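Reading the structure
One-letter residues, chain by chain:
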Amino acid sequence: QVQLVEFGGGLVQPGGSLRLSCAASGFTFSNYAMSWYRQAPGKEREYVATITRASGSTNYADSVRGRFTISRDNAKNTVYMQMNSLKPEDTAVYYCSAMVRGVRSWGQGTQVTVSS
């Protein structure tokens, strides 16, 4: 059973930083790409970033490119997202996700609020 558990959300001022973590279990983590999505109040869930299984390639939404960095530690079955220069429009619930055996799985999400 695939399980994804996010950590690290919170309240931060504009211009600040946060680091999200997602602990994965129930599948061979190193064999799968991992992604982050987010959902702001009243909006649809949107794509944020992906990292390939061997960390050889990353991809970002235009809205976060240059500010967010996705990384992974296959020894710890964990994917991270370092978020810098945060803006109020980054406020959302952030979800870790993986497509395992044709099924997209999600974590429970972690709230990130950017406000002064």
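Described in the following lines is the structure provided in the data block. It should be emphasised that the depicted structure is a prediction, and the values quoted were computed from it without experimental measurement. By convention here, each chain's residues receive numbers from 1 onward along its written sequence. In keeping with the model being predicted, local features are shown solely for residues with a pLDDT of at least 70 and side-chain atom pairs are shown and tallied solely at 80 or more, while totals for entire chains, interfaces and linings include all residues. The basis for every side-chain value is the complete set of heavy atoms in the structure, and neither hydrogens nor water enter the calculation.

**A closer look at the overall build of the protein chain**
Note the threshold: Runs of H or I in DSSP of at least four residues are treated as helices and runs of E of at least two as strands, each being numbered from the N terminus. Between buried and exposed lies partly exposed: a residue is buried under 20% and exposed over 50% of the maximum accessible area for its type, with that area taken using a 1.4 Å probe on protein chains only. Surface accessibility in these figures is a Shrake-Rupley result with a 1.4 Å probe; residues are shielded only by whichever protein chains are displayed. In this tally, Asp and Glu contribute negative charge and Lys and Arg positive charge; neither His nor the terminal groups of the chain are included. All charge positions are set by atom: Lys at NZ, Arg at CZ, Asp at CG, Glu at CD.
A count of helices and strands for the protein chain gives zero helices and eleven strands. Listed N to C, the secondary structure of the protein chain is β-β-β-β-β-β-β-β-β-β-β in terms of helices and strands. A principal-axis box enclosing the C-alpha atoms of the protein chain has dimensions of 40 × 25 × 20 Å. In the protein chain, which comprises 116 residues, the share counted as buried stands at 42%. Only carbon and sulfur atoms are counted for the fraction: they give 46% of the accessible area of the protein chain, which is about 6000 Å². A gap of 7 Å separates the mean positions of the 12 positive and 7 negative side-chain charges of the protein chain.

**Considering the pattern of salt bridges**
Oppositely charged side chains are able to pair whenever their charged atoms sit close together. Under the convention used in this document: Salt bridges, as used here, are contacts in which a Lys or Arg side-chain nitrogen is within 4 Å of a carboxyl oxygen on Asp or Glu.
Throughout the structure, instances matching the rule amount to four salt bridges. Between D90 and R38 there is a salt bridge; the shortest N-O distance is 2.9 Å. Linking D90 in the loop between β8 (78-83) and β9 (92-100) with R38 in strand β4 (residues 34-39), this pair joins segments that are 52 residues apart in sequence. Each member of the pair, D90 as well as R38, carries the same accessibility label: buried. Beyond isolated ion pairs, a larger network of salt bridges with shared partners links R38, E46, R67 and D90.

**Let's talk about the nonpolar core**
One recurring pattern in soluble globular proteins: nonpolar side chains tend to sit buried together. Rules: Among the buried residues, those of types Ala, Val, Leu, Ile, Met, Phe, Trp, Tyr and Cys that are joined through side-chain atoms within 4.5 Å form a nonpolar core. Note on definitions: a residue-residue contact is assigned when non-hydrogen atoms from the two residues lie within 4.5 Å.
Counting residues in hydrophobic clusters, the biggest one holds 30 residues, and the most contacted among them are M34, W36, V79, M81, M83 and Y94. Those elements that provide at least two residues to this core are β3 (18-25), β4, β5 (46-51), β7 (68-73), β8, β9 and β11 (110-114). Discounting residues that sit within four places of it in the chain, V79 has contacts with L20, S21, C22, F29, M34, W36, I51, I70, S71, R72 and C96.

**Structural notes on the sheet that holds strand β1 (residues 3-7)**
The condition is simple: Any two strands with at least two DSSP-identified bridges between them are counted as paired. With axes taken as lines fitted to C-alpha atoms, and helix axes fitted only over the stretch in contact, angles between N-to-C directions fall between 0 and 180 degrees.
With antiparallel pairing, the four strands of this open sheet are ordered in space as β1-β3-β8-β7. This sheet does not close on itself; its edge strands, each paired only once, are β1 and β7. For this sheet, the mean angle separating the axes of adjacent strands, direction not counted, is 15°. Pairing geometry for β7 and β8, over six bridges, is antiparallel. Among the inter-strand pairings, D73 is bridged to a residue of β8, identified as T78.

**Comments concerning the side chain of T110**
Inclusion rule: We call two N or O atoms a polar contact when they sit within 3.5 Å, provided that within protein one can donate a hydrogen and the other can accept it, with sequence-adjacent residues counted only if both atoms are side-chain atoms.
Here T110 shows up in strand β11. In this structure T110 comes out as buried when scored by relative accessible area, which is 10%. Polar side-chain contacts of T110 include one of 3.1 Å to the backbone nitrogen of G9.

**Describing the environment of A33**
As for its position among the elements, A33 is in the loop between β3 and β4. For the pair A33 and M99, spaced 66 residues apart in sequence, the C-alpha to C-alpha distance is 7.6 Å.

**Digging into the state of the cysteines**
Basically, it comes down to this: Put simply, a disulfide is two cysteine sulfurs that come within 2.5 Å.
Tallying each qualifying case throughout the model produces one disulfide. The partner cysteine of C22 in its disulfide is C96, sulfur to sulfur 2.1 Å. Between C22 and C96 the sulfur-sulfur dihedral comes to about -80°; the bridge is accordingly left-handed. Of the two residues, C22 sits in strand β3 while C96 sits in strand β9, which places them 74 residues apart along the sequence. Note on accessibility: C22 and C96 belong to one class, buried.

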